[in-house]
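Each chain, written out:
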2 protein chains.
Amino acid sequence: MKLGAIEAGGTKFVMAIGNEQGEISEKMVIPTEHPEITLPKILDFFKNKGIEKLGLGGFGPIDINRNSSTYGQLQKTPKTDWVDYPLGEKLKQELGIPIIIDTDVNVAAMSEAKWGSATDVDSCLYITVGTGIGAGAYFQGKTLKGLSHSEMGHIKVRRHPEDTYEGTCPYHKDCLEGIAAGPSLEKRWGKKGHELADDQKVWELEAYYLAQALTNYIYILSPERIIMGGGVMKQQQLFPLIRKNVLEMLNGYVSSPYLTEKEIDRYIVPPGLTDEAGVKGALYLAMNE
Amino acid sequence: MKLGAIEAGGTKFVMAIGNEQGEISEKMVIPTEHPEITLPKILDFFKNKGIEKLGLGGFGPIDINRNSSTYGQLQKTPKTDWVDYPLGEKLKQELGIPIIIDTDVNVAAMSEAKWGSATDVDSCLYITVGTGIGAGAYFQGKTLKGLSHSEMGHIKVRRHPEDTYEGTCPYHKDCLEGIAAGPSLEKRWGKKGHELADDQKVWELEAYYLAQALTNYIYILSPERIIMGGGVMKQQQLFPLIRKNVLEMLNGYVSSPYLTEKEIDRYIVPPGLTDEAGVKGALYLAMNE
Ligand SMILES: Nc1ncnc2c1ncn2[C@@H]1O[C@H](COP(=O)(O)OP(=O)(O)O)[C@@H](O)[C@H]1O
Ligand SMILES: Nc1ncnc2c1ncn2[C@@H]1O[C@H](COP(=O)(O)OP(=O)(O)O)[C@@H](O)[C@H]1O
Ligand SMILES: [Zn+2]
Ligand SMILES: [Zn+2]
């Protein structure tokens, strides 16, 4: 059976055709523009390819409650062109096949648990630090959903005493996403993330904020592995800084062999699927319906 | 079948004998003292009562991983007399029956979902604000467990600019528990919580900290209901203050009918089981093995 998969991100859409073994036969990446420009490009890619179902991991917030009349509709996203856009419904109408929807980060977590960096444990957290900050949790065979989906990037962490940058989040100003996602790096330091690679203080501050968030996630969720991806995490020097800060902040309180200097390199890790976690997860979503 | 149940708290142990319908026939409450004083009292209560299994909801941190060699052992608890105490193993040896262990707050969440304030939803969070601050989560039929159990009381929230109290947590000083649990109220204001009932600024500060924590829990877990219990929450005036702060902090970001002025009274609620949530949950734990 041929299946479609979309990883819908704030910067780009990754689209793929695959099969039930998780193998991808065709792939295309397009920039995220106004929905009226992006939708026709999506339809062009998927039409007449014989796909029977389509899984979509979408940037949030997006309605993933199947009993809801607005299932698959974007909500109050900082990408204002997309607020209230009924992406799921549009795809269903135009392609005439079932569309299965979860958040981009939930499908990435599921995908890493099946094929990536968390195949040996029963739970994991996948965090992306890119245009926004989001995280998805996979526990006991399911992605975590309740009232709505997680919005882990919008928690507040304590400000560093020397950092007075006001923050970019249109809803909360200086929530984690507002002070630590890619766009905040650019606004605070006047250069894009990749141009700041050699500036040690940039990554120390970034690690301070991300480690606080991870510490909260560990206290609240206790995942058996934490996977960090997204554009900003391409700065590999962040990993040792984050690990060191997390151990200091936990201060030995949570007893686990993973949360030790010796083992933390195997606990906070990069994605195993490089850039394909999202789109392979979306394929997995379609496979499992 | 006769079953035993223990709610082991930092201040008191509640013990009960019950049946598989969740009915309690006998109950006793004892203060939490040194384990060598408390254990004999527990054994006195349960011996020769014909119970076949015992469920225990324990204050944390406690090892709840059944594959662990230290299953049922207390860990780095602020109650220093109890650090590394093998409570589960002692009970098993002395009573000669299976002992099933989860955290006090996980069993309370389960109990509220089955008999209390969350019978109409599929997930809930139970938070206790007492000698410590702890929370348990119940999602999709199970309590949340991963690397270890949750330690939600130890997250850090932003300090109020006018509050400089250093905090009581032996591991993190001014984590949430360190600045908002019962003992911190007493140390900050010089009187016990119940003696501060009429002091508006005490409860405004308390609500400010607790609401920040709830907001984080909502972003991270998205529970369908939040139940707040424990000694400090006996100050009922906290509920409206917390609800108001949570709505302000979320700033409309999470779309849910519950997270509105009209409905939040049904979202953040007191326990439905008054003081029996813990011990009935422990009974449920024994029932389900
Ligand atoms: N090598 C890099 N180093 C630091 N930041 C980067 C790097 N590459 C991309 N970024 C930043 O990451 C963000 C884009 O994140 P990405 O994960 O690629 O996309 P999205 O989150 O939109 O799906 C931008 O803010 C960009 O500046
Ligand atoms: N009515 C009250 N108002 C405010 N604080 C209270 C009240 N009753 C108890 N407390 C505080 O709650 C804490 C005890 O919490 P409790 O939930 O009863 O026990 P534990 O957490 O030890 O199981 C103490 O610090 C006590 O001062
Ligand atoms: Zn925000
Ligand atoms: Zn603490």
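Just so you know, these numbers come straight off a predicted model, no measurement behind them. (Residues numbered from 1 in each chain as written. Chains lettered and ligands numbered in written order. Predicted model: local features only at pLDDT ≥ 70, side-chain atom pairs only at ≥ 80, totals over all residues. Heavy atoms only, no water.)

What follows covers the site of ligand 2. Residue and element names in this part refer to chain B. As a structural note, the neighbourhood of ligand 2 is formed by 13 residues, with Thr11, Gly130, Thr131, Gly231 and Gln235 the closest of them. In this structure, threonine 11 approaches ligand 2 through a side-chain N or O atom, which is 2.3 Å from an oxygen atom. Between an oxygen atom of ligand 2 and a main-chain N or O atom of glycine 231, the distance comes to 2.8 Å. The fraction of the free accessible surface of ligand 2 (570 Å²) that becomes covered by protein chains is 77%. (Near = heavy atom within 4 Å. Polar contact = N/O pair within 3.5 Å; in protein donor to acceptor, adjacent residues only side chain to side chain. Areas by Shrake-Rupley, 256 points an atom, 1.4 Å probe, with all protein chains shown as cover.)

Residues and elements named next belong to chain A. Split into domains, chain A comes out as domain 1 (3-106 + 275-288) and domain 2 (119-270). Centre-to-centre, using C-alpha coordinates, domain 1 lies 25 Å away from domain 2. Counting residues at the interface gives 13 residues for domain 1 and 16 residues for domain 2. Carbon and sulfur atoms supply 59% of the area buried between domain 1 and domain 2, which totals about 1,200 Å² over both sides. Taken as a group, Pro78, Val105 and Asn106 account for 44% of the area that domain 1 buries against domain 2, more than any other trio of residues on that side. In this structure, the connection of domain 1 to domain 2 is made through one salt bridge. (Domains from an automatic or database assignment. Contact = heavy atoms within 4.5 Å. Buried area = accessible area lost by both parts, 1.4 Å probe. Salt bridge = Lys/Arg side-chain N within 4 Å of Asp/Glu carboxyl O.)

Residue and element names in this part refer to chain B. Taken across its six residues, strand S1 (residues 3-8) has five buried, putting it largely inside the fold. Where S1 folds back on strand S2 (residues 12-18), the antiparallel hairpin that results is connected by three residues. Pairing of S1 with strand S4 (residues 53-58) involves six bridges; the strand directions are parallel. In the sheet register, isoleucine 6 faces S4, and the bridge partner there is leucine 56. (Buried < 20%, exposed > 50% of the residue type's maximum accessible area, 1.4 Å probe, protein only. Helix = DSSP H or I, 4+ residues; strand = E, 2+ residues; numbered from the N terminus. Pairing = 2+ DSSP bridges.)

Now for the relation of the copies chain B and chain A. Rotating chain B by 180 degrees and translating it 0.0 Å along the rotation axis places it on chain A, where the RMSD comes to 0.0 Å. Taken together, the rotation and translation relating the two chain copies correspond to the operation of a two-fold axis. Within chain B, the C-alpha atom positioned nearest to the axis of rotation is that of arginine 158 of chain B, 2.7 Å from it. When the interface residues of chain B are mapped onto chain A, 100% of them again fall at the interface, so both copies present the same face. (Least-squares fit on C-alpha atoms with pLDDT ≥ 70 in both.)

With that settled, the discussion passes to unusual backbone geometry. The backbone of asparagine 251 of chain A shows a phi angle near 55 degrees, a positive value even though the residue is not glycine. Position of asparagine 251 of chain A among the secondary structure elements: in the loop between helix H7 (238-250) and strand S10 (268-269). Of note, aspartate 84 of chain B is a non-glycine position whose phi angle comes to about 65 degrees, a positive value. Checked against the element boundaries, aspartate 84 of chain B lands in the loop between S4 and helix H2 (87-95). Given a relative accessible area of 48%, aspartate 84 of chain B falls into the partly exposed group.

For the zinc ion (ligand 3), every protein donor is listed as His154 of chain A (ND1), Cys169 of chain A (SG), His172 of chain A (ND1) and Cys175 of chain A (SG), and the spread of their distances is 2.1 to 2.4 Å. Judged by its relative accessible area of 2%, histidine 154 of chain A is buried. (Donors = N, O, S within 2.8 Å, 3.2 Å for Na, K, Ca; no water.)

Residue and element names in this part refer to chain A. In the vicinity of ligand 1 lie 13 residues, with Thr11, Gly130, Thr131, Gly231 and Gln235 positioned nearest. Note that a nitrogen atom of ligand 1 is positioned 2.7 Å from one of the side-chain N or O atoms of glutamine 235. A breakdown of the residues in the shell around ligand 1 according to their chemical character gives two nonpolar, 10 polar and one charged. (Nonpolar A, V, L, I, M, F, W, Y, C, P; charged D, E, K, R; others polar.)

This next bit is on the interface of chain B and chain A. Each partner contributes to the interface: chain B provides 46 residues, whereas chain A provides 46 residues. With both chains or domains summed, chain B and chain A bury close to 4,100 Å², and 55% of this area falls on carbon and sulfur atoms. Contact with chain A buries surface across chain B, with Leu147, Arg158 and Tyr253 of chain B losing the most and accounting together for 23% of the total. At the boundary of chain B and chain A, one finds two salt bridges. Taking the shortest distance from any N to any O, the salt bridge between aspartate 174 of chain A and arginine 158 of chain B comes out at 3.0 Å. Where chain B meets chain A, there are 20 residue pairs in polar contact (both at pLDDT 80 or more). Only strand S8 (142-143), helix H6 (200-221) and helix H7 (238-250) of chain B provide two or more residues apiece to the side of chain B that touches chain A.

Once that is clear, we can look at the packing of helix H1 (residues 35-46) of chain A against helix H2 (residues 87-95) of chain A. Residues and elements named next belong to chain A. Between H1 and H2, the least distance of the axes is 11 Å, while the angle of their chain directions is 40 degrees. Between H1 and H2, the interaxial angle falls into the category oblique. Judged by the sense of rotation from one axis to the other, the crossing of H1 with H2 is right-handed. Contacts between H1 and H2 involve Leu39, Ile42, Leu43 and Phe46 from the former and Lys90, Leu91, Glu94 and Leu95 from the latter. (Axes fitted to C-alpha atoms, helices over the stretch in contact; angles between N-to-C directions. Parallel < 35°, antiparallel > 145°, perpendicular 65-115°, else oblique. Left-handed = near helix turned anticlockwise from the far one by under 90°.)

What follows covers the pairing of strand S5 (residues 99-103) of chain A. Among the five residues of S5 of chain A, five are classified as buried, and the element is accordingly described as predominantly covered. Since strand S4 (residues 53-58) of chain A and S5 of chain A lie parallel, the crossover through H2 of chain A that links them has a hand, and here it is right-handed. (Right-handed = clockwise from strand over helix to strand, strands pointing away.)

Residues and elements named next belong to chain B. Strand order in the open sheet formed by five strands is S3-S2-S1-S4-S5, and the pairing between neighbours is mixed. Whereas interior strands pair on both sides, the edge strands pair on one side only; in this sheet they are strand S3 (24-31) and strand S5 (99-103). Neighbour-to-neighbour, the strand axes of this sheet turn through a mean angle of 15 degrees, independent of strand direction. Helix H8 (residues 277-287) rests against S1, S2, S3, S4 and S5 of the sheet, and its axis sits at about 135 degrees to S1.

What follows deals with the environment of leucine 221 of chain B. Positionally, leucine 221 of chain B belongs in helix H6. For the pair leucine 221 of chain B and leucine 125 of chain B, spaced 96 residues apart in sequence, the C-alpha to C-alpha distance is 8.8 Å. Those residues within four positions of leucine 221 of chain B in sequence are excluded, and the remaining contacts are Leu144, Ile220 and Leu221 of chain A together with Leu125, Ala137, Phe139, Leu144 and Met152 of chain B.

Looking now at the coordination of the zinc ion (ligand 4). In the first shell of the zinc ion (ligand 4), the protein supplies His154 of chain B (ND1), Cys169 of chain B (SG), His172 of chain B (ND1) and Cys175 of chain B (SG), at 2.1 to 2.4 Å from the metal. Taken together, the four donor atoms surrounding the zinc ion (ligand 4) define angles of 99 to 123 degrees at the centre, an arrangement classified as tetrahedral. (Tetrahedral: all angles 85-135°; square planar, octahedral: opposite > 155°, others 65-115°.)

So, on to the packing of aromatic side chains. Following the criterion strictly, the structure yields 18 aromatic pairs over all chains and no others. Measuring from centroid to centroid gives 5.9 Å for phenylalanine 59 of chain A and tryptophan 82 of chain A, while their planes differ by 75 degrees, and the two rings are edge-to-face. With phenylalanine 59 of chain A in the loop between S4 and H2 and tryptophan 82 of chain A in the loop between S4 and H2, this residue pair connects regions lying 23 residues apart in the sequence. Relative accessible area serves as the criterion here: at 1%, tryptophan 82 of chain A is assigned to the buried category. Considering the side-chain rings of tyrosine 253 of chain A and tyrosine 171 of chain B, the 5.0 Å spacing of their centres and the 55 degrees angle between planes classify their relative orientation as tilted. Of the two residues, tyrosine 253 of chain A is situated in the loop between H7 and S10 and tyrosine 171 of chain B in the loop between S8 and helix H4 (176-180); the pairing between them involves two chains. (Phe/Tyr/Trp six-rings, centres within 6.5 Å; stacked < 30°, edge-to-face > 60°.)

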